Amino acid sequence: GPSQATRQQTLRPHGLLPGRELRAPHRPQVFRPRVGGAPRRVRRQPPLDPYKTTLAIDNGLAVYRGYFLRKWKRSLEEKQRLFPGRYDFRGMLDAGTCMELTERVMGYFPDFPTWRDYFERYTLRDGFFRGLKVPVTIFISRDDPVIPPEDYDAISAHENLRILRTRYGGTAASSTSSRCGAG
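Residues numbered from 1 in each chain as written. Predicted model: local features only at pLDDT ≥ 70, side-chain atom pairs only at ≥ 80, totals over all residues. Heavy atoms only, no water.

### Remarks on the pairing of strand β6 (residues 136–141)
Most of β6 sits out of view: six of its six residues are buried. By the alternation rule, side chains of β6 split into Val136, Ile138 and Ile140 and Thr137, Phe139 and Ser141, which are all buried. Taken together, the six bridges between β6 and strand β7 (residues 161–166) define a ladder with parallel strand orientation. Residue pairing for β7: Ser141 is matched across the bridge by Thr166. (Buried < 20%, exposed > 50% of the residue type's maximum accessible area, 1.4 Å probe, protein only. Helix = DSSP H or I, 4+ residues; strand = E, 2+ residues; numbered from the N terminus. Pairing = 2+ DSSP bridges.)

Pasting the structure below:
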């Protein structure tokens, strides 16, 4: 796998709007290896539809829900600590599901009348990927309990996008899997 020096943590999973890190219960890893001298972005299982992903987390195994909620709540506590005059999440941190926490933080997103509008803004469709300016490889796992792999069936391949599927790997499909296959 890539060395620690080639890893970069990103705070905004899709890099679309300021404040997106409030919604993300995790910080995805973005690797930036060079392929033939050109940089290539590699992502592991990015969620295409945040509403579906949120429901999958909330309705799936309790271990996933607990994991994502703990990480998200810790990030909210840290944001509040860093910006005490701007954020006060104390009344929200007892939320028992990701959807409940999403509904509670909506007050910090006045541009979105409802959580449905918020989720719609972050849903990635085929057109989003057509605008890629650098080559991107996405690894997905067919057995992921959180991000539906069939969402990727609607994404068309093109010169700057490669989707590699693994049979196994769950929500942590690895770029080093020997079961990778293009397509």
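### Comments concerning the pattern of salt bridges
Pairing between side chains of opposite charge can happen when the charged atoms of each approach one another. Within the structure shown, the criterion is met by eight salt bridges. Measuring nitrogen to oxygen at the nearest pair gives 2.5 Å for the salt bridge that ties Glu100 to Arg104. Of the two residues, Glu100 and Arg104 both sit in helix α3 (residues 98–105), four residues apart, roughly one turn of that helix. Judged by relative accessible area, which is 27%, Arg104 ranks as partly exposed. Arg125 is the partner of Glu120 in a salt bridge, and the nearest nitrogen-oxygen pair spans 2.8 Å. Judged by its relative accessible area of 42%, Glu120 falls in the partly exposed class. Residues joined by salt bridges that share partners form a network here, namely Asp94, Glu100 and Arg104. (Salt bridge = Lys/Arg side-chain N within 4 Å of Asp/Glu carboxyl O.)

### Thoughts on the confidence of the model for the protein
With 68% of its residues at a pLDDT of 70 or more, the protein shows a mean pLDDT of 75. Note on residues 1–35: pLDDT is under 50 here. Beyond four places in sequence and across chains, it has 84 contacts. Contacts from residues 173–183, a stretch scored under 50 in pLDDT, to residues over four places away or in other chains number 25 contacts. (pLDDT = per-residue confidence, 0-100. Contact = heavy atoms within 4.5 Å.)

### A few points about the nonpolar core
Counting residues in hydrophobic clusters, the biggest one holds 34 residues, and the most contacted among them are Leu101, Phe129 and Leu161. Among the secondary structure elements, those contributing two or more residues to this core are α2 (62–82), α3, α4 (115–121), β6 and β7. Each residue touching Leu161, except ones within four places of it in the same chain, is listed here: Phe129, Leu132, Val136, Ile138, Ile155 and Ser156. (Core = buried A, V, L, I, M, F, W, Y, C linked by side-chain atoms within 4.5 Å.)

### Points about α3
Inspection of α3 places Cys98, Met99, Leu101, Thr102 and Val105 among the buried residues, and these make up the whole buried set. Around the axis of α3, the buried residues are gathered within 160° of arc, so they sit on the same side. On its buried side, α3 packs onto α1 (50–59), α2 and α4. (Arc of directions from axis to C-beta.)

### Regarding α2
Along an α-helix, residues three or four apart share an orientation, since each turn contains 3.6 residues. End to end, α2 covers 30 Å across 21 residues, agreeing with the expected 30 Å (1.5 Å per residue, within 8%). For α2, the set of buried residues is Arg65, Phe68, Leu69, Trp72, Lys73, Ser75, Leu76, Lys79 and Gln80. What you see down the axis of α2 is that its buried residues fit within an arc of 160°, all on one side. Among the exposed residues of α2, those pointing more than 90 degrees away from its buried face are Val63 and Arg81. Of the surrounding secondary structure, the elements contacted by the buried residues of α2 are α1 and α3. (Expected span 1.5 Å × (residues − 1).)

### A look at the packing of aromatic side chains
Throughout the structure, instances matching the rule amount to 15 aromatic pairs. Here the aromatic cluster, defined as three or more aromatic residues joined through ring pairs, consists of Tyr51, Phe109, Phe112, Trp115, Tyr118, Phe119 and Tyr122. (Phe/Tyr/Trp six-rings, centres within 6.5 Å; stacked < 30°, edge-to-face > 60°.)

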